[in-house]
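One-letter residues, chain by chain:
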Amino acid sequence: VDFVESVFGNAGDPSLPENDAALDVEHWNGTTGCIILAPHLRLLKKKDLGLPHWDKATDRQRRDSMAWKEENELYNDGGAFKISLRTKEGVFVTMIADNYFGYCKKEVKTQLSFSSNLFGTEEEHAGGALAFASMSWGSEFFPDQRVLRPNHHYDGRAPLKSYSYAEAIKFLGDEVEVQTEGYAVDKKFPDIVYIPEDSVASMETGQITWKGGSMFLVPNHVYIHPSGYQMSLKKSLDKAGWHITGTVAEPMCCHKPSTVSGGGKSEISKLLSDMITFGTVRIDNVKKDLAYVDMILKRDYSDRFSEPRGSELPLLDPKRTLGSLVKLLTPSDEYTADYNEWLDTIPPMIKSLVFLVKHHYKPSWGKDWKSHINVQMIDGHEGDICLVDGKHVVVQYLRMGKTRDNRERKFKLRHDFVPAQKIQTEDDISASVVVPRERLEHLSSEVSNPSVKIVKNCELRLFQRPDDACIRGYDTKTEEDLASLGNFISNFEPMTGQEAQELTKRAVDFDKYTEPMQKLLRQAAEGPKEKFVVSSAHFRLVNGKPTANPRYLQVRTDFGEPRASRVAHVAACLRRCMPVTK
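Conventions we followed
- Residues numbered from 1 in each chain as written.
- Predicted model: local features only at pLDDT ≥ 70, side-chain atom pairs only at ≥ 80, totals over all residues.
- Heavy atoms only, no water.
- Helix = DSSP H or I, 4+ residues; strand = E, 2+ residues; numbered from the N terminus.
- Contact = heavy atoms within 4.5 Å.
- Areas by Shrake-Rupley, 256 points an atom, 1.4 Å probe, with all protein chains shown as cover.
- Lys, Arg positive; Asp, Glu negative; His and termini not counted.
- Charge placed at Lys NZ, Arg CZ, Asp CG, Glu CD.
- Buried < 20%, exposed > 50% of the residue type's maximum accessible area, 1.4 Å probe, protein only.
- Arc of directions from axis to C-beta.
- Phe/Tyr/Trp six-rings, centres within 6.5 Å; stacked < 30°, edge-to-face > 60°.
- Lys NZ or Arg CZ within 6 Å of the ring centre and 35° of its normal.
- Salt bridge = Lys/Arg side-chain N within 4 Å of Asp/Glu carboxyl O.
- Pairing = 2+ DSSP bridges.
- Axes fitted to C-alpha atoms, helices over the stretch in contact; angles between N-to-C directions.
- Core = buried A, V, L, I, M, F, W, Y, C linked by side-chain atoms within 4.5 Å.
- Parallel < 35°, antiparallel > 145°, perpendicular 65-115°, else oblique.
- Left-handed = near helix turned anticlockwise from the far one by under 90°.
- Nonpolar A, V, L, I, M, F, W, Y, C, P; charged D, E, K, R; others polar.

Engineer: Teacher, can you tell me more about the overall build of the protein chain here?
Structural biologist: Looking only at helices and strands, one finds 15 helices and 32 strands in the protein chain. The C-alpha extent of the protein chain, read off along each of the three principal axes, is 95 × 60 × 55 Å. Taking the contacts inside the protein chain whose residues are at least 6 apart along the sequence as the reference set, 65% of them involve residues at least 24 apart. Here the protein chain displays about 32500 Å² of accessible surface, and carbon together with sulfur accounts for 53% of that area. In the protein chain, the 78 positive side-chain charges and the 82 negative ones have mean positions that sit 2 Å from each other.

As structure tokens, this is what we get:
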């Protein structure tokens, strides 16, 4: 019962009027369900339940083992079973002859599905998340086409839209405190700040400036532009430096419907950052390679199309994005055969250097960008590790499985790549309904479908199976969750304080855990030896092997991270020019 209430909540004492579903005419859909757990029924005998002797049974009864030969034969051979009663009036009762909590959750799901069908909606075995595309701005942020065009993407054909701080304040209303310096602070979350439309942020100065005002650029605060675009100063994923990140206001709604167990519903919302590794940028010959890069930057690209398409922006122009440069230097059917052939002659390392220069370039460098790119000096000679303004450049790689000889497969990511911000919306049980588009207000301009699906998560907590947690430090979210209090954990090996102490002494393996799990295990090692603790990397042993079904209840991210939900709501409202109270 505790497990089911943890997943679906507790509606309270039904004898009290405020908890009586029959009195809640606005929300109750008229169906009633009941689940009875009766594990002792597994001891009932077939004969006592009125089943016939084998000689008097029908072929169907014999096939289904609904007959007995010996008087002491147990119903269903003593195995778990359930009996269900359903009526067209919407009453359903299920009796489960077992004590496994997972069956209760599945039965609630079954009853939700039956109730939804009677009500005219649909219950879905689905997973999903809101994914907000993000990027690294490097050391400077300024509102360019990516901020002002639809969905914050560079598209030369789409018109720019003007957004103003004054208009944003009207939409925000009483939700913010307007400061005399020219910005506003969210009343619910003081680290959410609303800035003017001409704001520019710089890591060098450590400030955000606009016409007539400025403020400090504070790490991990969220600064929201009147367009809904969000900007923050954060540590880079490798923890070696800082950068300014940007996040769009309109998310991609990822919805995976009608998915069987193990079909990847939870994977949609998992952190991509757990699969990113890091390396250094290398330059073989500084003068030669940078001269090659300079030639690419100065080249005239008007010949890449069979028919001229107007003037081209210089490759280092701030109005040209890194994405457009990547497209420019990638072979395409839109380009001429000669141009594609020329692209194929450029070594991959040189292309990477071009993208590196573009990402780190600042208008203040002018034409003298080469003086900012160099390599380390080792033993009095030039090495091959790249430096930008004397600082190491870190390149990111995405881990994608292993080869047959057990080598990791890695793919280089763009220099401005940052994993999308995600808010999990579904994990297993959802209710949905499809409605005509015109029945809804303030939809995103990106939505052009004649009808849309409205989806609602039915669970308060999510029954997760963290398969990758067996690799220490790999699943950072699971290690953080299991290190917190109030967990419901299943199929992890209970570890005594003595065993935790031995684990902490294996320094090399122990250091692979993330800090939250290390802290939990240290506390257990220093505490009473008779108490138990769980390590995220140690699944319960079944017949001498780790189980394939480790489980724990995870708090929904929209509940566990309320600031992220607040930012998502406010940003979308500003983007769609609607009051945040809608």
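What follows picks up the thread again.
Engineer: Is there a simple way to think about helix α8 (residues 337-344) in this case?
Structural biologist: One turn of an α-helix holds 3.6 residues; hence residues three or four places apart share an orientation. When we look at burial in α8, the residues that qualify are Y339, N340, W342 and L343. The buried side chains of α8 occupy one side of the element, clustering within an arc of 155 degrees when seen end-on. Opposite the buried face of α8, at more than 90 degrees from it, the exposed residues are A337, D338, E341 and D344. Buried residues along α8 sit in contact with α6 (286-298), α7 (322-328) and α9 (348-360).

Engineer: Teacher, can you tell me more about the packing of aromatic side chains here?
Structural biologist: On inspection of all chains with the given rule, the structure shows 17 aromatic pairs. Their ring planes at 75 degrees and their centres at 4.7 Å tell us that Y75 and F81 sit as a pair that is edge-to-face. F81 matches Y75 in its accessibility class, with the two residues each being buried. Where F92 meets F114, the ring centres are 5.1 Å apart and the plane angle is 75 degrees; that geometry is what we call edge-to-face. Of this pair, F92 sits in strand β3 (residues 91-96) while F114 sits in helix α3 (residues 101-119), placing them 22 residues apart in sequence. What links up through ring pairs into an aromatic cluster is the set Y301, F305, Y335, Y339 and W342. Against the face of Y301 rests R299, its NZ or CZ located 5.1 Å from the ring centre. Sitting over the ring of W342, R299 keeps its end group 4.3 Å from the ring centre.

Engineer: Can you walk me through the pattern of salt bridges in this structure?
Structural biologist: A side chain of one charge can pair with a side chain of the opposite charge when the charged atoms of the two come close. The full count for this structure, using the stated rule, is 32 salt bridges. In this structure, E204 and K362 form a salt bridge, with 2.4 Å as the shortest nitrogen-oxygen distance. Residue E204 is found in the loop between β10 (200-202) and β11 (207-210), and its partner K362 is found in the loop between α9 and β18 (373-378); the two are separated by 158 residues along the sequence. Taking the relative accessible area as the measure of exposure, E204 reaches 61% and is therefore exposed.

Engineer: In this structure, what is going on with the sheet that holds strand β21 (residues 394-402)? I would like to understand it.
Structural biologist: Paired through their backbone hydrogen bonds, the strands of a sheet run either parallel or antiparallel. In spatial order, the strands read β17-β21-β22; together these 3 strands make up an open sheet with antiparallel pairing. The sheet is open, and its two borders are formed by β17 (276-280) and β22 (408-412), each paired with just one other strand. Neighbour-to-neighbour, the strand axes of the sheet open up by a mean angle of 40 degrees, direction not taken into account. With 4 bridges connecting them, β21 and β22 associate as antiparallel partners. Counted as the bridge partner of K402 is E408 from β22.

Engineer: What is the right way to look at the nonpolar core in this model?
Structural biologist: The tendency in soluble globular proteins is for nonpolar side chains to be buried side by side. With 35 residues, the main nonpolar core has L329, W369 and I373 as its most contacted residues. Of all the elements in the fold, those that place two or more residues in this core are α6, α7, α8, α9, β18 and β19 (381-388). At 6 residues, α9 tops the list of elements feeding residues into this core. In this structure I373 touches I283, L290, L356, V357, C386, L387 and V388, once residues within four positions along its chain are discounted. The next biggest cluster of nonpolar side chains, apart from the first, holds 22 residues, and it includes V147, A201, M231 and I423.

Engineer: Mind showing me how you'd approach the environment of A420 here?
Structural biologist: Along the chain, A420 turns up in strand β23 (residues 417-426). When its relative accessible area of 33% is taken as the criterion, A420 is described as partly exposed. It is 30 Å that separates the C-alpha atoms of A420 and V293, two residues lying 127 residues apart in sequence.

Engineer: Would you mind going over the packing of α6 against α9 with me for this structure?
Structural biologist: Two quantities define a packed helix pair, namely the angle between the helix axes and the distance between the axes. In contact at an axis separation of 9 Å, α6 and α9 are set at 70 degrees when each is read in the N-to-C sense. Regarding the angle of α6 to α9, the classification is roughly perpendicular. Seen from above, α6 lies across α9 with right-handed handedness. Every residue of α9 that contacts α6 at D289, Y292, V293, I296 and L297 is listed here: I350, L353, V354 and V357.

Engineer: Would you mind going over unusual backbone geometry with me for this structure?
Structural biologist: Most of the time, phi is negative for any residue but glycine, and the peptide bond is trans. Of note, the phi angle at N220 is positive, near 65 degrees, even though the residue is not glycine. Of note in the backbone geometry, N406 takes a positive phi value of approximately 70 degrees without being a glycine.

Engineer: Would you mind showing me how to read the sheet that holds β18 here?
Structural biologist: An order of β18-β19-β20 is seen for the 3 strands of this open sheet, with the pairing classed as antiparallel. One side of each edge strand has no neighbouring strand; the edge strands of this open sheet are β18 and β20 (391-392). Two elements, β18 and β19, share 5 bridges in a ladder whose sense is antiparallel. Bridging from a neighbouring strand, I378 pairs with H381 of β19.

Engineer: Would you take a moment to explain the packing of helix α11 (residues 497-505) against helix α13 (residues 515-526) for this structure?
Structural biologist: One can describe the packing of α11 onto α13 by two numbers: an axis separation of 7 Å at closest approach and a directional angle of 125 degrees. On the basis of their axis angle, the class for α11 and α13 is oblique. Crossing angle aside, the handedness with which α11 passes α13 is left-handed. Seen from α11, the contacting residues are G497, A500, Q501, L503 and T504; seen from α13, they are L521, R522, A524 and A525. Along the lines of polarity and charge, the residues of the contact of α11 with α13 split into 5 nonpolar, 3 polar and 1 charged.

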